[in-house]
Amino acid sequence: MPNKSSVVGCNSGYKDGPNYPRFKFPQKQELVAKWLLFLNRPADNVVTNNSFICSQHFDPSSMQVTEHNFTRLNYDLNPIPTIHPQLIPQSQATIPTKLRPPSKERIFQ
């Protein structure tokens, strides 16, 4: 099952990428629409149980850390992702070090 950030350009959850906490889409449709607007995706984009946005795209004030050191998004505050990957400082951004080799199998059409 995919467990990667839905934000274009974010490599959280990938094999060689960072593993930041990820949050599922909210239940409120108004909030889902705002999240999709941030993602720059069409309104008819299907949000599934496997759709996530990682913590790097939210303001820290909209998150809380539990007593067991889990990061939770406070949905009561109606959090909206606001930080695009281009705005994440280079010191925190990671670039994959390995590229997957091309497939040796030829596809004929």
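Scroll up to find the structure this text is about.
Small disclaimer: the values here were computed from a predicted structure and weren't measured.

Draft legend 1. Molecular detail of helix 1 (residues 29-39). Every buried residue of helix 1 is listed here: L31, V32, W35, L36, F38 and L39. Seen end-on, helix 1 carries its buried residues on one side only, within an arc spanning 155°. In helix 1, those exposed residues whose orientation departs by more than 90 degrees from the buried face are Q29, E30 and L37. Contacts made by the buried residues of helix 1 are with strand 1 (22-24), strand 2 (52-54) and strand 4 (71-73). Among the residues trailing helix 1, N40 stands out with phi positive, at a value near 60°.

Draft legend 2. Summary view of unusual backbone geometry. In this model, N69 sits at a positive phi of 65°, which is unusual for a non-glycine residue. One can find N69 in the loop between strand 3 (63-65) and strand 4. A positive phi angle, near 50°, is found at N78, a position not held by glycine. Structurally, the position occupied by N78 is in the segment after strand 4. Judged by its relative accessible area of 37%, N78 falls in the partly exposed class.

Draft legend 3. Quick look at the packing of aromatic side chains. One pass over the structure, following the stated rule, counts 4 aromatic pairs. Ring geometry for F25 against W35: centres 5.1 Å apart, planes inclined by 55°, an arrangement best described as tilted. Separated by 10 residues along the polypeptide, F25 in the loop between strand 1 and helix 1 and W35 in helix 1 bring together distant segments of the chain. An identical accessibility class is assigned to F25 and W35; each is buried. An aromatic cluster of at least three residues, connected via ring pairs, comprises F23, F25, W35, F58 and Y75.

Draft legend 4. Summary view of the nonpolar core. Judged by nonpolar contacts, the single largest core of 15 residues is most densely connected at V7, F25, W35, L39, I53, F58 and L73. When contributions to this core are tallied by element, the ones reaching two or more residues are helix 1 and strand 2. Among the elements that make up this core, the one with the highest residue count is helix 1 (6 residues). In contact with V7, other than residues within four places in its own chain, are F38, L39, I53, H57 and P85.

Draft legend 5. Local environment of the side chain of S51. Relative to the assigned elements, S51 resides in the loop between helix 1 and strand 2. Taking the relative accessible area as the measure of exposure, S51 reaches 10% and is therefore buried. The contact partners of S51, leaving out residues within four places of it in the chain, are S6, F23, K24, F25 and V46.

Draft legend 6. A look at the side chain of S62. The residue S62 is located in the loop between strand 2 and strand 3 in this model. Relative accessible area serves as the criterion here: at 9%, S62 is assigned to the buried category. A polar contact is formed between the side chain of S62 and the backbone oxygen of D59, at a distance of 2.7 Å.

Cut-off values and rules
- Per chain, residue numbering runs from 1 following the sequence as it is written.
- At least 70 in pLDDT is required for a residue's local features to be given in this predicted model, at least 80 for side-chain atom pairs to be given and counted, and no such filter applies to totals for whole chains, interfaces and linings, which use all residues.
- Hydrogen atoms and water are omitted, and side-chain values are computed over all heavy atoms in the structure.
- Per-residue accessibility, obtained with a 1.4 Å probe over protein chains only, is compared with the maximum for each type, and a residue is labelled buried under 20%, exposed over 50%, and partly exposed between these values.
- Secondary structure counts use DSSP, requiring at least four H or I residues in a row for a helix and at least two E residues in a row for a strand, with both numbered from the N terminus.
- Along the arc lie the directions from the helix axis toward the C-beta atoms.
- In this analysis, two residues are considered to be in contact whenever any of their non-hydrogen atoms come within 4.5 Å of each other.
- In this analysis, rings of Phe, Tyr and Trp, with Trp reduced to its six-membered ring, are considered paired at centre separations within 6.5 Å, and the interplanar angle assigns stacked below 30 degrees, edge-to-face beyond 60, and tilted for intermediate values.
- Think of a nonpolar core as a cluster: buried Ala, Val, Leu, Ile, Met, Phe, Trp, Tyr and Cys residues, connected wherever their side-chain atoms sit within 4.5 Å.
- Whenever a nitrogen or oxygen atom comes within 3.5 Å of another N or O atom, the pair is scored as a polar contact, on the condition that within protein one atom can donate a hydrogen and the other can accept it, and that pairs from neighbouring residues in sequence are kept only if both atoms are in side chains.

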